[in-house]
Structure formats: C-alpha cells, structure tokens
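Now for the letters of each chain:
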Amino acid sequence: MIQNDKRIQLILLLLVFAFGVVVNAQTPVKVQKAELSIPFGVVKGKLIAVGETLIFIDEEMPDASFAIEKASIT
C-alpha cells in the first residue's frame, strides 16, 4: 500500500514538472495597437506577433482580420 502511494506521488510530481516545462516553452506573444493603410483610409485594430506570424485583428470588422508569415512581407 505504501509503495502504491509513493508511485502515485512520483507520477503526480512528474506530471507537474512536465506541465511546467510545457508552459515555460511557449512562444512569447506581443500585442500592439495598429492602423492598416488601405486605398481609402485606415483600418484600426491590433497587431499580434507570435513567433514568425503577424496577426491583424480588425476592430470594426473582425471577419476581415488576417494572419501573415513575417518572411512573406516585402
């Protein structure tokens, strides 16, 4: 019985350790207010940088939001 309790404690400790490693390995996220220039004015929104991806969230029309890889920007 005592051996089973120690095994359970060890398994729980390993799971907590693994969860901590995964949480610390996440890619940092940066969020900034932004304005996207378009032919007939500007669109206000937020620019989110995650790893090699940029995401623009349109404040007025969220369905018009988009993501793009940094390498494809010229």
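As shown above, the structure is provided for reference.
Predicted model only: the values in this text are computed from it and were never measured. (Residues numbered from 1 in each chain as written. Predicted model: local features only at pLDDT ≥ 70, side-chain atom pairs only at ≥ 80, totals over all residues. Heavy atoms only, no water.)

**Some remarks on the environment of Leu-36**
As a reminder of what qualifies: In DSSP terms, a helix is any run of H or I states spanning at least four residues, a strand is any run of E spanning at least two, and both are numbered starting from the N terminus. Residue exposure (1.4 Å probe, protein chains only): buried if accessible area is under 20% of the type maximum, exposed if over 50%, otherwise partly exposed. Pairs of residues are marked as contacts when any of their non-hydrogen atoms sit within 4.5 Å.
With respect to the helices and strands, the residue Leu-36 is situated in strand E1 (residues 29-38). For Leu-36, a relative accessible area of 30% corresponds to the partly exposed category. Taking the C-alpha atoms as reference, Leu-36 lies 8.5 Å from Phe-56; in sequence the two are 20 residues apart. Setting aside residues up to four positions removed in sequence, Leu-36 forms contacts with Gly-41, Val-42, Val-43, Phe-56 and Phe-66.

**With respect to the pattern of salt bridges**
Once their charged atoms are close, side chains differing in charge can pair, the charge on each being opposite to the other. This is how it is decided: Any carboxyl oxygen of Asp or Glu that lies within 4 Å of a side-chain nitrogen of Lys or Arg is treated as forming a salt bridge with it.
Counted under the stated rule, the structure contains one salt bridge. With its nearest N and O atoms 3.9 Å apart, the salt bridge here joins Lys-46 to Glu-59. Remark: Glu-59 occurs in the loop between strand E3 (53-58) and strand E4 (66-69) and Lys-46 occurs in strand E2 (residues 41-50); sequence separation between them is 13 residues. In this structure Lys-46 comes out as partly exposed when scored by relative accessible area, which is 36%.

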